[in-house]
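Breakdown of the fold
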Amino acid sequence: MARHIYRCPLRWSDMDAFGHVNNVVFLRYLEEARIDFMFRLAPGDGSPSFSGGSVVARHEIDYKRPLVHRHEPVIIESWVTKIGAASLTIAYEVKDAEGPGAQIYVRASTIVVPYDMSAERPRRISAEEKSFLQEYLDDADEGALVA
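Residues numbered from 1 in each chain as written. Predicted model: local features only at pLDDT ≥ 70, side-chain atom pairs only at ≥ 80, totals over all residues. Heavy atoms only, no water.

A word on the confidence of the model for the chain
Applied cut-off: Every residue carries a pLDDT, the predictor's confidence in it, which falls somewhere between 0 and 100. We call two residues contacting when some pair of their heavy atoms lies within 4.5 Å.
Residues at a pLDDT of 70 or more form 88% of the chain, whose mean pLDDT is 88. Segment residues 143-147: pLDDT under 50, and 12 contacts once partners within four positions in sequence are set aside and those in other chains are kept.

Focus: the pattern of salt bridges
Using the following cut-off: The salt bridge definition used is simple: a Lys or Arg side-chain nitrogen within 4 Å of an Asp or Glu carboxyl oxygen. Between buried and exposed lies partly exposed: a residue is buried under 20% and exposed over 50% of the maximum accessible area for its type, with that area taken using a 1.4 Å probe on protein chains only. The secondary structure listing takes helices from DSSP runs of H or I that are at least 4 residues long and strands from runs of E that are at least 2 residues long, numbered from the N terminus.
One pass over the full model with this rule turns up 10 salt bridges. Taking the shortest distance from any N to any O, the salt bridge between Asp62 and Lys64 comes out at 3.2 Å. Accessibility expressed as a relative area gives 37% for Lys64, which makes it partly exposed. Close ionic contact of Lys95 with Glu77 constitutes a salt bridge, the shortest N to O distance being 3.3 Å. Of this pair, Lys95 sits in strand S4 (residues 88-95) while Glu77 sits in strand S3 (residues 74-83), and the two are 18 residues apart along the sequence.

Right under this line is the structure:
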């Protein structure tokens, strides 16, 4: 199983009055990583996959430790834990480095629903999308994302 790696820069404005990255900012970090991951399939090769839109149905976040501003980006690892007919679940770890022994700041998951913008309704996951997502599938994590 592959994991998508996204290096997310921290901004000075990400910190709150307590001197650490605000909890809401982590949602933005996850969004950046998710968009980078999902749109790897669509651009450049003419694929329509994920280009029609998607919506977030659910976020679940477990904050493990405070993150303070630094010049090095955080690493966000993303992978898929579930692929349904019309939804998928992406898991994340926000950490200070790749590999074992890295300090983990956040574990999270997001349920994403592909969306047909012109019809204004959810749509099914295409065969091409499913094939792409299966490369990142780790169903051993299903149900235990933020434990």
